[in-house]
Amino acid sequence: MPEQKPPTEAPATPPTPHAVEAEAAAPEVTPEVAPAGAPEVTAAEIARLAGVGRAAVSNWRRRHADFPRPVGGTDTSPSFALADVTDWLRAQGKLAEVPLRERVWQYVAAHPGGSVAALVEAGSALLLVRDRPMEWLEASAVSDARMATLLAPAIDRVLALRFGPAHPLGAAAPLRPASVPFLRAAAELAAELGTRGAFEFLLGRHLEANPRQYTLTPDGLATLMAALAGPSVRTVLDPACGTGTLLRAVPGATTRYAQDSSPELASLAALRLALQSDAPVRAAAADSLRADAFARPAAEPVDAVLCHPPFNERNWGHEELAYDPRWEYGLPARAESELAWVQHALAHLREGGTAVLLMPPAAAARRSGRRIRADLLRRGALRAVVALPAGAAPPYGIPLHLWVLRRPAPHAAPPSGLLLVDTTALADGPGPGQGPGRAGWAAVHSAVEEAWTAYERGGPAPDVPDLPGVRRVVPVVDLLDDDVDLTPARHLPPPAAGGGVAELTAVRDRLDSTLTRAARLTPPAPPAPPAGSPDRPAAAPARPPMTTVGELARAGALLLYTGTGSGAGRAPVLTEYDVSAGTGPSGTLAAATEAPLLTAPGDVVVPLTGGAGVARVVDAATAGAALGRGLQLLRPDPAALDPWFLAGFLRATANNRRASSHASTTTRLDVRRLELPRLPRTEQEVYGARFRALAEFEDALRLAARLGEQLVQGLYDGLSDGTVRPE
């Protein structure tokens, strides 16, 4: 089943100044044998512990004969005993103490049953800490061996109380004594972050470590789906729940029902929801279409169903479910698994209840599903189809749809029209393959919720003013043709060309003023070099002594930080695309408990991949943003370095070539190897003023290009649709 989870970027430790040394091959060693169950760490995790780059760990292995030997892993990705590594780091003065979060995570990573088993074990113990703290204190006040025997029955009691007798976690197995230090550490982490925060941190690290195993859905989309379900939802079901992200987005729910075909995901969802609130959670591990755990009449109908079903499944049970009573609107074809999920959702709703499903765009247009779509329209079950921007949820390359459905009351008149909303042009993503940024999601939410509220208010004859290119209520009779194609873009009136003639005139005026400014900022021609004698050419100017960013960092002239794009708070995120395109911060923070690193005026931000030679000085427009992934921030000492001088030399093509390394598909920059001349502060300011003028000229050209593209496309569209005359 598709897995839902917030965001784009998983929780991480706060960024710290660090050194990245040159990558070097480590000597071949014979792995030692670690004690069973002992936590192990990879080179990347050692780098995280010490606050350095991974290349530094490779250099330590090469240069220090006493560096711990591998105890597992492979030749190319060895693992090391955590205890040995921390002892070595502490002896070298590179580590004062292993952070509690890292220590707990290493227990999860080293669990003999796998990280999911460790998460279930930790989540169950954290639920005991949350719901019955005195019982936890009594059990944890004894020896590890005694605690292992006391915890299993205590956890069984709290699980049965929260989830009922039948739940996917089953009876708690007797704990291994080796697990007790792990659970004690998890409880200690809960004292710091809260039980919910501790579990979210561990789950986030697990999802970050296994990105290909899960289909992640961002918080923005989950919030929108919950808003469309309505504010009065008290009982809610997700039949393909993943780790429960959609159910978590319904704040006022008094009972949450979760089902997933994966027992592991069903267990994680149950624990995650139980740690969020005191509301009852009913979870089941089974295929919802073949083995519905909440079928009527045994289970009560719910107020809302939120679902991100699996797409394009042919083995969904077409043959064995041919006579299932859920197919009230027709038996879905083998290729129409999504329409089976739609009818499954409707079958679980009370009269007037709402279902919101994420759907592939093909489900709105495939001929094999036209009869079911037609019946959904005639009977008033399908109320709205919303086209989302590409990148809003995986698969990221296509603009997915939201279907909003309502279980019709027996004698209520169906609405006369279907609400169609197209948000694909409202939220340009921060870059190819990425979803809407912070401002983009705000625009999508506003457009969809405004249209849906107006549609709901209209009753059987909804009256929603058309918004060209964005929304329209299409009469149902107009949609009941041979195709019953519900794709929003095919039924919406086109937007006025470029916003209309007045808007095109305003764009042209802006372009004129921008081009004038660019002409004024055009750099003067460089002076001609001094001529030499006919028999002796002029000597090249002497090159000043050079230094590197790494040397300046060691001398304290600047600090280096690496972005994570995660943290607690509401700060926008400065992304790689923003830095390269010269735009404001457009990303959103991934959930984490630490405060993010925020940019400040005078910082210099450099992308680490791509080899494009970009360096941007933070100004008022980008100050206060969180530093995104793939970015390095240089914070110069104002008394020692002029930021524009620093950024200008970092952009030199030859400089970037010397400091870049090439993998099979990417080019990565080692910022510490970039060079700049050793000059007094007064001479730096001369260079800095010239570099700043070049940056202003570049910004003017970039704006002119965008305005020119907008004007040209607007004129093409206006001439084509008749809003602009060719005279």
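Here is what the cut-offs are and how they apply
- Residues numbered from 1 in each chain as written.
- Predicted model: local features only at pLDDT ≥ 70, side-chain atom pairs only at ≥ 80, totals over all residues.
- Heavy atoms only, no water.
- Pairing = 2+ DSSP bridges.
- Helix = DSSP H or I, 4+ residues; strand = E, 2+ residues; numbered from the N terminus.
- Contact = heavy atoms within 4.5 Å.
- Axes fitted to C-alpha atoms, helices over the stretch in contact; angles between N-to-C directions.
- Phe/Tyr/Trp six-rings, centres within 6.5 Å; stacked < 30°, edge-to-face > 60°.
- Buried < 20%, exposed > 50% of the residue type's maximum accessible area, 1.4 Å probe, protein only.
- Salt bridge = Lys/Arg side-chain N within 4 Å of Asp/Glu carboxyl O.

A.B. asks: What is the right way to read the sheet that holds strand E1 (residues 40–42) from this model?
C.D. replies: Within a sheet, adjacent strands bond to each other through the backbone by hydrogen bonds, running parallel or antiparallel. If you walk across this open sheet you meet the three strands as E1-E3-E2, and the pairing is antiparallel. Only two strands of the sheet have a single partner each, and these edge strands are E1 and strand E2 (72–73). Pairing between E2 and strand E3 (residues 78–81): two bridges, direction antiparallel. Among the inter-strand pairings, Gly73 is bridged to a residue of E3, identified as Pro78. Running over the sheet, helix H1 (residues 43–50) touches E1 and E3 and is turned about 90° from E1.

A.B. asks: Sorry if this is basic, but what is going on with the packing of aromatic side chains here?
C.D. replies: One pair of aromatic rings is described through two measures. These are the centre distance and the angle between the planes. In total, this model carries 12 aromatic pairs according to the counting rule given. Ring geometry for Tyr257 versus Phe294: centroids 5.2 Å apart, planes at 70°, classification edge-to-face. Here Tyr257 is found in strand E5 (residues 255–260), whereas its partner Phe294 is found in the loop between strand E6 (281–285) and strand E7 (302–307), with 37 residues between them in sequence. In this pair, the class of Tyr257 matches that of Phe294, namely buried. Aromatic pair Phe649 and Phe691: ring centres 5.4 Å apart, planes at 80°, arrangement edge-to-face. In this pair, Phe649 is assigned in helix H20 (residues 643–650) and Phe691 in helix H22 (residues 681–721), connecting sequence segments 42 residues apart. The class for Phe649 is buried, based on a relative accessible area of 18%. What links up through ring pairs into an aromatic cluster is the set Trp60, Phe67, Phe80 and Trp88.

A.B. asks: I keep staring at the pattern of salt bridges and nothing clicks. Help me out?
C.D. replies: Side chains carrying opposite charge are able to pair once their charged atoms draw close together. Tallied over the entire structure, the rule returns 36 salt bridges. For the salt bridge of Glu328 with Arg379, the shortest nitrogen-to-oxygen distance reads 2.7 Å. Remark: Arg379 occurs in the loop between helix H14 (370–378) and strand E9 (382–387) and Glu328 occurs in the loop between E7 and helix H13 (337–347); sequence separation between them is 51 residues. When its relative accessible area of 32% is taken as the criterion, Arg379 is described as partly exposed. In this structure, Asp483 engages Arg367 in a salt bridge whose closest nitrogen and oxygen atoms are separated by 2.6 Å. Of the two residues, Asp483 sits in the loop between helix H16 (476–479) and helix H17 (501–521) while Arg367 sits in the loop between strand E8 (349–359) and H14, which places them 116 residues apart along the sequence. Of the residues examined, Asp483 reaches a relative accessible area of 36% and is grouped as partly exposed. In this structure, a network of salt bridges that share partners links the residues Glu102, Arg205, Glu208 and Arg629.

By themselves, these are just geometric observations and shouldn't be taken as functional.
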